[in-house]
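Letter by letter, the chains look like this.
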Amino acid sequence: MTCGSRYLKEAGVLISPNDFKTGLTIELDGRVLQVVSSEHHKQSRGQAIVRSRLRDLRTGELFSKTFRSNEPVETAHVSRSEQQFLYAQGEDSFVFMDTEDYDQREFTREQLGDSVKWLKEGDTVIFLTFEGEFVDIEVGKTVDRRVIQTDPGLRGDTAQGGTKPATVEGGAVVQVPLFVQQGDLLRVDTGTGKYVTRV
């Protein structure tokens, strides 16, 4: 199959690994996977390969896989819907509302996985479903969160590159510069968990 060529298959669309882009969802060996990154490599002899980083949407597992550039891969029809996070019931139950039909649904911490720490009441997130089954949640690439706990910086401590842990709304712990104080509003990269800037 040539680069960029696509043809319909009953369960999905077959594409070449040359067409991989970040965020694409594929189905492989019964698993629903999301492309995190991909790199094309030309071999000195033989055909090109595509080295990819994939994430299992059901388990959250990250792993690497190498594909031949002409190897057909099936896309996964993952549906996306906007949901508003309403509130948490205790430590392990989270209630969301569909922004289209206002239907409310409850999910456990186990179902939502690591994304729980980025949830804030009132925020809109994206739910991913595959064949009617919930598989994952997408939060924004960056979020603004207030610091709820961190040690005070030492007076006059302006060491370049010095950091300290800070707990932000939702419970995530982020390494922040020493000047950040409790109550500050920070922008955080949810993919890496890293501090971006003070807002």
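Below or above, wherever it landed, is the structure these notes cover. (Residues numbered from 1 in each chain as written. Predicted model: local features only at pLDDT ≥ 70, side-chain atom pairs only at ≥ 80, totals over all residues. Heavy atoms only, no water.)

When helices and strands are tallied, the protein shows one helix and 17 strands. Looking at the protein as a whole, 36% of its 199 residues are labelled buried. For the protein, restricting intrachain contacts to residue pairs at least 6 apart in sequence, the fraction spanning at least 24 positions comes to 41%. Total accessible area on the protein stands at roughly 11,800 Å², and carbon and sulfur atoms take up 46% of it. (Helix = DSSP H or I, 4+ residues; strand = E, 2+ residues; numbered from the N terminus. Buried < 20%, exposed > 50% of the residue type's maximum accessible area, 1.4 Å probe, protein only. Contact = heavy atoms within 4.5 Å. Areas by Shrake-Rupley, 256 points an atom, 1.4 Å probe, with all protein chains shown as cover.)

In summary, soluble globular proteins display a tendency toward joint burial of nonpolar side chains. Residues Phe 20, Leu 24, Ile 26, Leu 33, Leu 54 and Phe 67 are the most contacted members of the largest nonpolar core, which totals 13 residues. Those elements giving two or more residues to this core turn out to be β2 (13–15), β3 (25–28), β4 (31–41), β5 (49–56) and β6 (62–68). Phe 20 has contacts with Ile 15, Ile 26, Val 35, Ser 38, Val 50, Ser 52, Phe 67 and Val 73, leaving out every residue within four places of it along the chain. (Core = buried A, V, L, I, M, F, W, Y, C linked by side-chain atoms within 4.5 Å.)

Positionally, Ser 93 belongs in strand β9 (residues 93–98). Here Ser 93 falls in the buried class, since its relative accessible area comes to 11%. C-alpha of Ser 93 to C-alpha of Leu 112: the two residues are 19 residues apart in sequence and 9.8 Å apart in space. Within the structure, the side chain of Ser 93 is placed 2.4 Å from the side chain of Glu 106, a separation counted as a polar contact. (Polar contact = N/O pair within 3.5 Å; in protein donor to acceptor, adjacent residues only side chain to side chain.)

In the structure shown here, the tally under the stated rule is eight aromatic pairs. Seen in terms of ring centroids, Phe 85 and Phe 96 are 5.3 Å apart; in terms of plane orientation they differ by 45°. Their pairing is tilted. A residue pair is termed long-range when its members are at least 10 positions apart, and Phe 85 in strand β8 (residues 78–89) and Phe 96 in strand β9 qualify at 11 residues. Residues Phe 85 and Phe 96 agree in their burial class; the two are buried. Seen in terms of ring centroids, Phe 107 and Phe 127 are 4.9 Å apart; in terms of plane orientation they differ by 90°. Their pairing is edge-to-face. With a gap of 20 residues between them, Phe 107 in strand β10 (residues 104–108) and Phe 127 in strand β11 (residues 124–130) connect regions that are remote in the sequence. Since its relative accessible area comes to 1%, Phe 127 is described here as buried. Its guanidinium or amino end placed over the ring of Phe 67, Lys 65 lies 5.3 Å from that ring's centre, counting from NZ or CZ. (Phe/Tyr/Trp six-rings, centres within 6.5 Å; stacked < 30°, edge-to-face > 60°. Lys NZ or Arg CZ within 6 Å of the ring centre and 35° of its normal.)

If you walk across this open sheet you meet the five strands as β10-β9-β8-β11-β12, and the pairing is antiparallel. At either margin of the open sheet sits one strand with a lone partner, and together these are β10 and β12 (133–138). Recorded for the sheet is a direction-independent mean angle of 40° between the axes of neighbouring strands. Bridging between β11 and β12 involves five bridges; their strand directions are antiparallel. The residue of β12 that forms the bridge with Ile 126 is Glu 138. (Pairing = 2+ DSSP bridges. Axes fitted to C-alpha atoms, helices over the stretch in contact; angles between N-to-C directions.)

The residue Thr 190 is located in the loop between β16 (185–189) and β17 (194–198) in this model. Setting aside residues no more than four positions away along its own chain, Thr 190 makes contact with Trp 118, Val 139, Gly 140, Lys 141, Thr 142 and Val 143.

With five of seven residues buried, β11 is to be regarded as a mostly interior element. For β8 and β11, the ladder comprises seven bridges, and the chain directions are antiparallel. Residue Ser 79 lies in a different strand from β11, and its bridge partner there is Thr 129.

One pass over the structure, following the stated rule, counts 11 salt bridges. Its salt-bridge partner being Asp 92, residue Arg 109 comes within 3.3 Å of it at the nearest N-O pair. Of this pair, Arg 109 sits in helix α1 (residues 109–112) while Asp 92 is found in the loop between β8 and β9, placing the two residues 17 residues apart along the sequence. Glu 169 serves as the salt-bridge partner of Lys 120, at 3.8 Å between the closest nitrogen and oxygen. Residue Lys 120 is found in the loop between α1 and β11, and its partner Glu 169 is found in the loop between β14 (163–168) and β15 (173–177); the two are separated by 49 residues along the sequence. Residue Lys 120 is classed as partly exposed on the basis of its relative accessible area, which comes to 29%. Residue classification places Glu 169 among the partly exposed positions, given a relative accessible area of 22%. If you follow the salt bridges from partner to partner, you end up with Arg 31, Asp 56 and Glu 61 in one network. (Salt bridge = Lys/Arg side-chain N within 4 Å of Asp/Glu carboxyl O.)

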